[in-house]
Amino acid sequence: MAIVSASILAANLAHLSEEVKRVQELIDEIHLDVMDGHFVPNLTFGFPMIEALRTFTNMPIDAHLMVTNPTELIKGFVEKGATRITVHQEVCYHLHRTVEYIKSFGAEAFVAINPATPLSTLDEILPYVDGILVMTVNPGFSGQKFIPTMMDKIKRLNDIRKERKLNFKIAVDGGVGNENAVELVRAGVDILVMGYGVFRNPRLPELRREILNASGQ
């Protein structure tokens, strides 16, 4: 079944508790975009945000580390409540070691790749990850448009998963919403990261039903 991961970067942060509670029956987890202003051109959340989230929600939280030093932050985010850690292939010099380090704390280990990063860079890590996050926009900002050629990339990743008989999940992040969510599920996506598609979408209840139907639920 495909699930909805709500990116709080698109929420009204002045009323975050109310924002999460408003959509909590229509989402499955929270996506926390951690940006350092170096790996991506923006500066966002750190430990205080996940601590705040844990005061009012028990939902799973994916800490997406868009930073140049992810290994230094993994332990802290898990200890403060992250159930999944997503790191970028582009900044992990010893990716297998990083994936195993995440798992050693009991969290799911996902690896993200930017739009221009080829799938071939993941060949050796695929048997070890819990999931791959395909960035469908260039990371750094919420509200960007989906890059159309990423649909083919997702389909190719799904084909690789089938051909190699692997069980990793496929997640997508960037420009996901009413226009493409169902098509993405049919292409093999398991986790739809949505910001505007959740918090600024009057059609969210209908979209949720469409996603469930496309998942065969």
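Conventions we followed
- Residues numbered from 1 in each chain as written.
- Predicted model: local features only at pLDDT ≥ 70, side-chain atom pairs only at ≥ 80, totals over all residues.
- Heavy atoms only, no water.
- UniProt positions renumbered as here; feature names shortened; annotations may be inferred.
- Helix = DSSP H or I, 4+ residues; strand = E, 2+ residues; numbered from the N terminus.
- Rg over C-alpha atoms; globule rule 2.2 N^0.38 Å.
- Contact = heavy atoms within 4.5 Å.
- Areas by Shrake-Rupley, 256 points an atom, 1.4 Å probe, with all protein chains shown as cover.
- Lys, Arg positive; Asp, Glu negative; His and termini not counted.
- Charge placed at Lys NZ, Arg CZ, Asp CG, Glu CD.
- Pairing = 2+ DSSP bridges.
- Axes fitted to C-alpha atoms, helices over the stretch in contact; angles between N-to-C directions.
- Buried < 20%, exposed > 50% of the residue type's maximum accessible area, 1.4 Å probe, protein only.
- Right-handed = clockwise from strand over helix to strand, strands pointing away.
- Polar contact = N/O pair within 3.5 Å; in protein donor to acceptor, adjacent residues only side chain to side chain.
- Parallel < 35°, antiparallel > 145°, perpendicular 65-115°, else oblique.
- Left-handed = near helix turned anticlockwise from the far one by under 90°.
- Nonpolar A, V, L, I, M, F, W, Y, C, P; charged D, E, K, R; others polar.

- Named according to an unreviewed UniProt entry, the chain is Ribulose-phosphate 3-epimerase originating from Fervidobacterium pennivorans.
- Entered under Catalytic activity (unreviewed entry) in the UniProt record, the comment concerning the chain runs "D-ribulose 5-phosphate = D-xylulose 5-phosphate".
- Within the UniProt record for the chain, the comment given under Sequence similarities (unreviewed entry) is "Belongs to the ribulose-phosphate 3-epimerase family."

1. Description of the overall build of the chain
Then, in step 1: In terms of helices and strands, the chain carries eight helices and eight strands.
Then, in step 2: In summary, the chain has a C-alpha radius of gyration of 16 Å against a globular reference of 17 Å for 217 residues, a match within 12%.
Then, in step 3: Referenced to the eigenvectors of the C-alpha coordinate spread, the extents of the chain come out at roughly 40 × 35 × 30 Å.
Then, in step 4: Sequence-distant contacts in the chain: of pairs separated by 6 or more residues, those separated by 24 or more amount to 63%.
Then, in step 5: Accessible area of the chain: about 9800 Å², with a carbon and sulfur share of 50%.
Then, in step 6: In the chain, 22 positive and 26 negative side-chain charges are present, and the distance between their average locations comes to 3 Å.

2. Digging into the UniProt feature "active site" (unreviewed entry) in the chain
Then, in step 1: Those residues carrying the UniProt feature "active site" (unreviewed entry) are Asp 33 and Asp 173 in this numbering. On the basis of their most widely separated C-alpha atoms, the annotated residues across 141 residues gather in one place, lying no more than 10.5 Å apart.
Then, in step 2: By secondary structure assignment, the location of Asp 33 is in strand β2 (residues 29–35).
Then, in step 3: Setting aside chain neighbours within four positions, we find Asp 33 in contact with Ser 7, Leu 9, Thr 44, Phe 45, His 64, Met 66 and Asp 173.
Then, in step 4: If we skip the residues at most four places from it in the chain, Asp 173 touches His 31, Asp 33, His 64, Leu 133, Val 134, Met 135, Thr 136, Val 137 and Val 193.

3. A few points about the sheet that holds β2
Then, in step 1: In space, the eight strands of this closed barrel follow the order β1-β2-β3-β4-β5-β6-β7-β8, with parallel pairing throughout. Taking the axes of each pair of neighbouring strands and ignoring which way they run, one obtains an average angle of 25 degrees across the sheet.
Then, in step 2: As defined by bridge partners, strand β7 (residues 169–173) adjoins strand β8 (residues 191–194) across three bridges and the pair is classed as parallel. Within the sheet, the bridge partner assigned to Ala 171 lies in β8 and is Ile 191.
Then, in step 3: In this fold helix α4 (residues 95–104) packs onto β4 (84–88) and β5 (108–113), with an angle of close to 145 degrees to the strand it touches most, β5.

4. Brief notes about the pairing of strand β6 (residues 131–135)
Then, in step 1: Counting buried positions along β6 yields five of five residues, so the element is predominantly enclosed.
Then, in step 2: Residue alternation in β6 divides its side chains into two sets, Gly 131, Leu 133 and Met 135 and Ile 132 and Val 134, and both sets are buried.
Then, in step 3: By the bridge criterion, four bridges tie β5 to β6 in an arrangement that is parallel. When the bridges of β6 are listed, Ile 113 appears paired with Val 134.
Then, in step 4: Bridge analysis of β6 against β7 gives five bridges, and the strand direction is parallel. Its bridge partner being in β7, Val 134 is matched across the sheet by Val 172.
Then, in step 5: Following the chain from β6 across helix α5 (residues 150–163) to the adjacent parallel β7, one finds a crossover that is right-handed.

5. Quick word on the UniProt feature "binding site: a divalent metal cation" (unreviewed entry) in the chain
Then, in step 1: Mapped onto this numbering, the UniProt entry gives "binding site: a divalent metal cation" (unreviewed entry) at His 31, Asp 33, His 64 and Asp 173. A maximum C-alpha distance of 10.5 Å among these annotated residues, which run over 143 residues, shows that they cluster at one spot.
Then, in step 2: With respect to the element layout, His 31 can be found in strand β2.
Then, in step 3: A polar contact of 3.2 Å, which involves the side chain of His 31, links it to the side chain of Asp 33.
Then, in step 4: Engagement of the side chain of Asp 33 in a polar contact is seen with the side chain of Ser 7, the distance being 2.7 Å.

6. Describing the packing of helix α3 (residues 71–79) against α4
Then, in step 1: Between α3 and α4, the least distance of the axes is 10 Å, while the angle of their chain directions is 15 degrees. Viewed along their axes, α3 and α4 adopt a mutual orientation that is roughly parallel. Crossing angle aside, the handedness with which α3 passes α4 is right-handed. Where α3 abuts α4, its residues Thr 71, Ile 74 and Lys 75 lie against Thr 98, Tyr 101 and Ile 102.
Then, in step 2: Taken together, the residues that form the contact of α3 with α4 break down as three nonpolar, two polar and one charged.

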